[in-house]
Amino acid sequence: MLYLHGFASSPDSSKARFFAERLLAHGVPLTAPDFNLPDFTTLTLSRMLDQLAGHIEDAGAPVTLIGSSLGGALAVLAASRFGAAVDRLVLLAPAVMVARPGHS
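Below you will find a few notes about this structure. Values in this document were obtained by computation on a predicted structure and should not be read as measured data.

## Concerning a nonpolar patch on the surface
So, step 1. A cluster of nonpolar side chains, Val76, Leu89, Leu91 and Val96, forms an exposed patch at the surface whose accessible area comes to about 280 Å².
So, step 2. Tracing the backbone through its elements, the reader meets Leu91 in strand β3 (residues 86–92).
So, step 3. Here Leu91 falls in the partly exposed class, since its relative accessible area comes to 36%.

Next up, the structure:
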């Protein structure tokens, strides 16, 4: 299970720690990649996807992605890109826009 933090957040956020503690109590480890590395000023979705690819590959089995804000948008992109390697998504206020009827 992977937690994907939002913009200007980190894997040490209170939300990441909350999920890690609750899941570990049920024997489920949570990994939270730090997308601010190597440098926050170079943060892009492309770089985040590249970083996430390694974590998904390391898992060796389909993963669940928990994404918050920008991490939610990243989770949606990852599910599209990595297909069967992503088992399910849990999205918390994902930073995506949904078209309304009549908007083009």
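## A short note on the sheet that holds strand β1 (residues 2–4)
So, step 1. Taken together, the 3 strands give an open sheet; going across it, the order is β1-β2-β3, and neighbouring strands pair in parallel fashion. A strand with exactly one partner marks an edge of an open sheet, and here the two such strands are β1 and β3. On average, adjacent strands in this sheet sit at an angle of 20 degrees to one another, irrespective of strand direction.
So, step 2. On top of the sheet, helix α2 (residues 45–59) reaches β1, β2 (63–68) and β3; it is set at about 170 degrees to β1, its chief contact.
So, step 3. The sheet strands contacting helix α3 (residues 70–82) are β1, β2 and β3, and the helix crosses β3 at an angle near 160 degrees.

## So, the environment of Lys15
So, step 1. Considering the arrangement of structural elements, one finds Lys15 in helix α1 (residues 14–24).
So, step 2. Taking the C-alpha atoms as reference points, Lys15 and Ser68, separated by 53 residues in sequence, lie 8.9 Å from one another.
So, step 3. Once you skip the residues sitting within four places of it in the chain, Lys15 turns out to touch Tyr3, Ser68 and Leu92.
So, step 4. Reaching out from Lys15, the side chain makes a polar contact with the side chain of Ser68 at a distance of 2.9 Å.

## So, the pattern of salt bridges
So, step 1. Counted under the stated rule, the structure contains 3 salt bridges.
So, step 2. With a closest N to O distance of 3.7 Å, Arg17 and Asp12 form a salt bridge.
So, step 3. In this structure Arg17 comes out as partly exposed when scored by relative accessible area, which is 40%.
So, step 4. You can call Asp12 exposed: its relative accessible area is 51%.
So, step 5. When the shortest N-O distance is used, the salt bridge between Arg22 and Glu21 registers 3.4 Å.

About the criteria used
Residues numbered from 1 in each chain as written. Predicted model: local features only at pLDDT ≥ 70, side-chain atom pairs only at ≥ 80, totals over all residues. Heavy atoms only, no water. Patch = residues over 30% accessible without salt bridge, like charges linked within 9 Å, V, L, I, M, F, W, Y side chains within 5 Å. Areas by Shrake-Rupley, 256 points an atom, 1.4 Å probe, with all protein chains shown as cover. Salt bridge = Lys/Arg side-chain N within 4 Å of Asp/Glu carboxyl O. Helix = DSSP H or I, 4+ residues; strand = E, 2+ residues; numbered from the N terminus. Buried < 20%, exposed > 50% of the residue type's maximum accessible area, 1.4 Å probe, protein only. Pairing = 2+ DSSP bridges. Axes fitted to C-alpha atoms, helices over the stretch in contact; angles between N-to-C directions. Contact = heavy atoms within 4.5 Å. Polar contact = N/O pair within 3.5 Å; in protein donor to acceptor, adjacent residues only side chain to side chain.

That's the geometry; what it means functionally is another story.
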